[in-house]
Every structure is written in structure tokens, then in C-alpha cells.
2 protein chains.
Amino acid sequence: MGTVMKGAEVAKEMKETLIREANELKEKGIDPCLAIIRVGARSADLSYERGAKKRMELAGIACKVVELSEDITQEEFEEEFQKVNQDPEVHGILLFRPLPKHLNEEKIKNIIHPFKDVDCMSPVNLAKVFSGDDSGFAPCTPEAVIKMLEHYGISLCGKKVTVVGRSMVVGRPLSMLLLKRHATITICHTRTKDLEKVCREADILIAAAGKPRMITGDMAKENAVIVDVGINVDEEGRMCGDVDFESLAEKAAFITPVPGGVGGVTTSILAAHVLRGAKYLNGISKE
Amino acid sequence: MGTVMKGAEVAKEMKETLIREANELKEKGIDPCLAIIRVGARSADLSYERGAKKRMELAGIACKVVELSEDITQEEFEEEFQKVNQDPEVHGILLFRPLPKHLNEEKIKNIIHPFKDVDCMSPVNLAKVFSGDDSGFAPCTPEAVIKMLEHYGISLCGKKVTVVGRSMVVGRPLSMLLLKRHATITICHTRTKDLEKVCREADILIAAAGKPRMITGDMAKENAVIVDVGINVDEEGRMCGDVDFESLAEKAAFITPVPGGVGGVTTSILAAHVLRGAKYLNGISKE
């Protein structure tokens, strides 16, 4: 049985640093604050919101939720967004997406202050992730994957890493973060031929496809490192990842469970981003 | 012997469309115009400039060169840049890079009008390339590679494509353009272990590493498609690519030469971008 990589352990390790940094800001008269903007009340958003609020509280970061009606107009939405965006007491903005279809998300991406863009919506931060410039904010989930691997002492330099999934939330930005750390990356997706073979070649296999238990026992080589970014609900209504944990835990050198894996690190990354945003906005540290 | 893919043939095919589109703009009273901004006089820049001027002339696109002294100050440079950037008669800007070290390139990237950014410096266009949104401008060379493959009827969907090189000029943006076309992409670089093996697995192998003839006969599988983006000068002062053409031409199904390959398509892509920029700027076509 390989080592099970636990999100809670990584979050625990990060906690002290977050508290210390939040305190350092408070000593300077800055009260770090995250604003969560939620349109409507999807259950997945509410669940993440609870986790984020709890994490901010543990770190000593304020958290305010701006809850908006699903039938808000574009004009009203932009007005509400700008209030938060221009509020000097807010240091990070988390906007739940996708927005309802009648709202223009593109416009918001171009409006958000890059220093407050703690989950990487703005082209400025996306371009930085793309080019390997880590002065910006990467999306929280891909960065959580990197943090998890670092915590467990798994080096990336020269490793063959296969990422299954090419979304802008995980697959693509994660590939760029891995490339920056000198991994040889392969990006797979629904059109990939012979996915099994490509996965079996990987030293590190990362599943971010959003398909329940699609990575099965024969799809990884012996002693591979397996990271599961999927969050799905199976036919029996249970939460599960993209990896069939049961059939892979034995042969993997390291593996993350779902729940209890990468998802447990994401809000800690979010907290770290809010603190960094507060420093940028107050000129304490430079981009 | 595989089919030699010739840049001149692709450029020839594109020529009629470019001329027609330039004429359509002129009939609307718009005189499409590229501005080239060059600081100093590096020989590689001068050589590309000659090619670009000739291509614009053939297409019926005006081309003006703004030549600036190597010791220009940041302030003066920004002023000159803004003149061109704000000139309603200019529809595309090609700035030779890297700039001399005392000049701040980052600032210019954020200043350039995204519609005039025909070689993809701005975060807006970079983020679009990253996310697979083709309403922006990709850098010309990666797009020339795609055009070359399309011209020779080489499909990308589901193909294993290995890109050697991870620069922001070729490797990374090209990988995103390939991903958009549903290729399974692998990005290799100096830290990649067992490069030979990774290259041999590719259906399509693209060399963009900037190392003379580094891709040798044993590094591609039988009937691979080989695209050489390298432009190097060998020890004897001759221009050569990253691919050892002699040892690979026999086994490849398709292969590009250097010179005479991808390089011959780049300025045609630049011309197409200027025309598209002119349409965007005049509200003729939407982003």
C-alpha cells in the first residue's frame, strides 16, 4: 500500500505560517479580508463557501459574503462587483463561476483588480501562469496540487507527468506550474487515443477530468505517484474522485484520496493568496 | 523520402486571400498598415524586417518602420510607442524583442492595444491563446506551424504531438494551439529525461529548442511528421534548423526544411493579423 497523501496534513503545516502572516499584517494596521461573491445558491458553492469561511477564520482572515440574486441584471452585478473591487478593505475576491448565462463573465475578468484576483480570472494573472511568472496568482486548485507534492517530498524536475484534463480551472494552469518546475508534461483529454498507455508512462499521474473513477488499476505504472483532483458524485450519491482508489492504492507509491486529498489544501492556498494580495495592495511586498 | 513541406507553397496559397481582404478594406476607405518598431539594428531583426516589408507589399498592406536609437530612454521610448499605438492609421504593431536591457518591456506589453498586438505581447492575447479563445492574436510562428500542417492535410485530432522547447515565443503557445485542435501534447525541454524516447513516441514531432541539428535520425519514429522551427547558424556559418534534415528526411512522412520551411509562412500570418486588426479596430468584424 502506497503512502496516502492527506490534504489535512498539508493544511496543518500551512496553518502556522498563515496565522503568523495575518498577524504581521494586523500589526501594521491591515486587517486581511476575503470577499466571496456568490450569485444564487448552488449547493457546491455553498459547500466550498463554508470551507473557505472556516479556513479564513482559523488563519485570522476576515471573510465577507456578498450574496446576489440569480436574476440580477448585468448593470447591477457590475455595480456590486465594483463596490468590492474598489473597497480598500478587501484584499481578495472569490467569485463563484460559472455565472448565470445572462451575465457577462468576460467583462468581470477584465475589471477585477489583478492584486485581488486570488483565484486567477484576470488575463493578467492567466498570462503570468502561462509564462511561468509566479508573481501573479495561479488558480487555487492547481497550486494545491503542487503544494501537496512538495509537502510529500516528491520532486518534479525531469519527471514525466501526465495530466488528464485540459480545463482552465485545473488541467492547463497546472500543466504550466509543472512545466515551471521542469517536469516533462503530457496533457490528455477526451480525444486522446490510447489513454491507458499514455497514463502508464507517467511517473506522476494527475486526474482532473471530472469523470467518476475513470482512472483504473491498469492505467498507472508500478510505484507511480497519483493525484486525484476530481470531485464527483457517484451513482449511489457518494463523493468520489476521478481515480479508482481501491484498485490503485496498492501499486502507487503515493496517492491522494477523495475526499480528504487535494480539496483540503485549496482553501489554505486561497488564504495565502489573500495575504499576498493584502501585501501587494499595501505596497508591503512587490509583485 | 518523405514529402518536404515548403513554406513558399503555403505563403502562395495565402497570398490571394490576403490581397482580396486588403482590397476589401481599401474599398471601405481603410488603408491597412503595419508599423514595425525597431530599437537598434540587429542583423536578425533587419533580415526579418526585409521579409515582412516585402510580404506586406505583396499583399497590398502599407508598412512603416520606426527606427529608434539603442540608447533611447524609457520615457522617450514609451512616447514613441504610444504615438504608433494611438495612431488610427496603424492596424498592427511588430516590436522587435528583446529590447535593450535598460528598457522596461513589461510596461509596453500592458500598454499595447490588444487589437494592434499582432505578435501576441499583451496579457490579453496571451490569456486568449492559453484558454483556446482564437479571437485574439497568437504569436506568428506557432500559428505558421498550424497553417503548414493544415495546408499539407495533416490532422491533429487525437494525434500524439511532442513539442521540444518551452519558450513563450513558440513552445508554449504552439502547445496550446495544438491542444485546441485536440492533439495530445507533450512538452519537452532541457531537463527532460530520455528525450529520444519521448520524441520517438510522437506522431508529430516539433522542434523549437534553438539547438542546431539536435533532433537526429534515431529520435523520430518511422513515418512521423517532423516540423522544424529552429533557425540557427552552424559552425560553418550556414543557416540550419533544430532537425538534422539529412538523417530524418528518409524516414519521415512529412518534414520541413530550414531554410524554406515554417519561416516562409510567418510573415503571411503577420499580414493576416494586420488585416484582422484593421477589421477589429474599425468595427467591421467582432473579436
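Residues numbered from 1 in each chain as written. Chains lettered and ligands numbered in written order. Predicted model: local features only at pLDDT ≥ 70, side-chain atom pairs only at ≥ 80, totals over all residues. Heavy atoms only, no water.

For chain A, the name recorded in an unreviewed UniProt entry is Bifunctional protein FolD, with Claveliimonas bilis as its organism. Within the UniProt record for chain A, the comment given under Pathway (unreviewed entry) is "One-carbon metabolism; tetrahydrofolate interconversion." Recorded in UniProt for chain A, the comment headed Function (unreviewed entry) runs: "Catalyzes the oxidation of 5,10-methylenetetrahydrofolate to 5,10-methenyltetrahydrofolate and then the hydrolysis of 5,10-methenyltetrahydrofolate to 10-formyltetrahydrofolate." (UniProt positions renumbered as here; feature names shortened; annotations may be inferred.)

Caption draft 1: Highlighting the interface of chain B and chain A. With 30 residues of chain B at the interface, the matching set in chain A holds 30 residues. In total, about 2,900 Å² of surface goes out of reach between chain B and chain A, with carbon and sulfur atoms giving 62% of it. Area buried by chain B at its contact with chain A is led by Phe130(B), Arg172(B) and Leu179(B), which between them contribute 23% of it. Taken together, chain B and chain A are joined by two salt bridges. A salt bridge links Lys160(A) to Glu201(B), with the shortest nitrogen-to-oxygen separation between them at 3.7 Å. It is helix α5 (residues 123-131) of chain B that contributes the most residues to the side of chain B that touches chain A, seven residues altogether. When its residues are assigned to classes, the side of chain B that touches chain A shows 16 nonpolar, eight polar and six charged. Here three bridges tie strand β6 (residues 184-188) of chain A to strand β6 (residues 184-188) of chain B, and the two strands are oriented antiparallel to one another. Looking at β6(B), one finds that Thr186(A) is bridged to Thr186(B). (Contact = heavy atoms within 4.5 Å. Buried area = accessible area lost by both parts, 1.4 Å probe. Salt bridge = Lys/Arg side-chain N within 4 Å of Asp/Glu carboxyl O. Helix = DSSP H or I, 4+ residues; strand = E, 2+ residues; numbered from the N terminus. Nonpolar A, V, L, I, M, F, W, Y, C, P; charged D, E, K, R; others polar. Pairing = 2+ DSSP bridges.)

Caption draft 2: Focus on the nonpolar core. Ranked by internal contacts, the top residues of the largest apolar core, which has 117 residues, are Leu178(A), Ile206(A), Val227(A), Leu178(B), Ile206(B) and Val227(B). Here Ile206(A) is in contact with Val145(A), Val161(A), Thr162(A), Val163(A), Val164(A), Leu174(A), Leu178(A), Val227(A) and Val229(A), once residues within four sequence places are set aside. (Core = buried A, V, L, I, M, F, W, Y, C linked by side-chain atoms within 4.5 Å. Buried < 20%, exposed > 50% of the residue type's maximum accessible area, 1.4 Å probe, protein only.)

Caption draft 3: Region of the structure containing the relation of the copies chain B and chain A. When chain B is fitted to chain A, the residual RMSD is 0.0 Å, and the transformation amounts to a turn of 180 degrees plus an axial shift of 0.0 Å. These values place the two chain copies in the arrangement generated by a two-fold rotation axis. Rotation axis and chain B: the residue whose C-alpha lies nearest the axis is Thr186(B), separated from it by 2.1 Å. Interface residue correspondence from chain B to chain A reaches 100%, placing this contact among same-surface, isologous pairings. (Least-squares fit on C-alpha atoms with pLDDT ≥ 70 in both.)

Caption draft 4: The pairing of strand β8 (residues 225-228) of chain A, seen in detail. All names here are of chain A. Side chains of β8 alternate between two faces, with Val225 and Val227 and Ile226 and Asp228 buried alike. Sheet topology note: the strand β7 (residues 204-207)/β8 ladder contains four bridges and is parallel. Note that in β8 the partner of isoleucine 204 across the bridge is valine 225. Where β8 and strand β11 (residues 254-255) come together, two bridges link them in parallel fashion.

Caption draft 5: Structural context of the pattern of salt bridges. Applying the stated criterion to the full structure yields 38 salt bridges over all chains. Its salt-bridge partner being Glu24(A), residue Arg20(A) comes within 3.5 Å of it at the nearest N-O pair. One end of the pair is Arg20(A) and the other is Glu24(A), both in helix α1 (residues 7-27) and four residues apart, which spans about a single turn. Judged by relative accessible area, Arg20(A) falls into the partly exposed class, the value being 45%. Overall, Glu24(A) belongs to the partly exposed group, its relative accessible area being 36%. A single network of salt bridges, built from pairs that share partners, joins Lys160(A), Lys197(A), Glu201(A), Lys160(B), Lys197(B) and Glu201(B).

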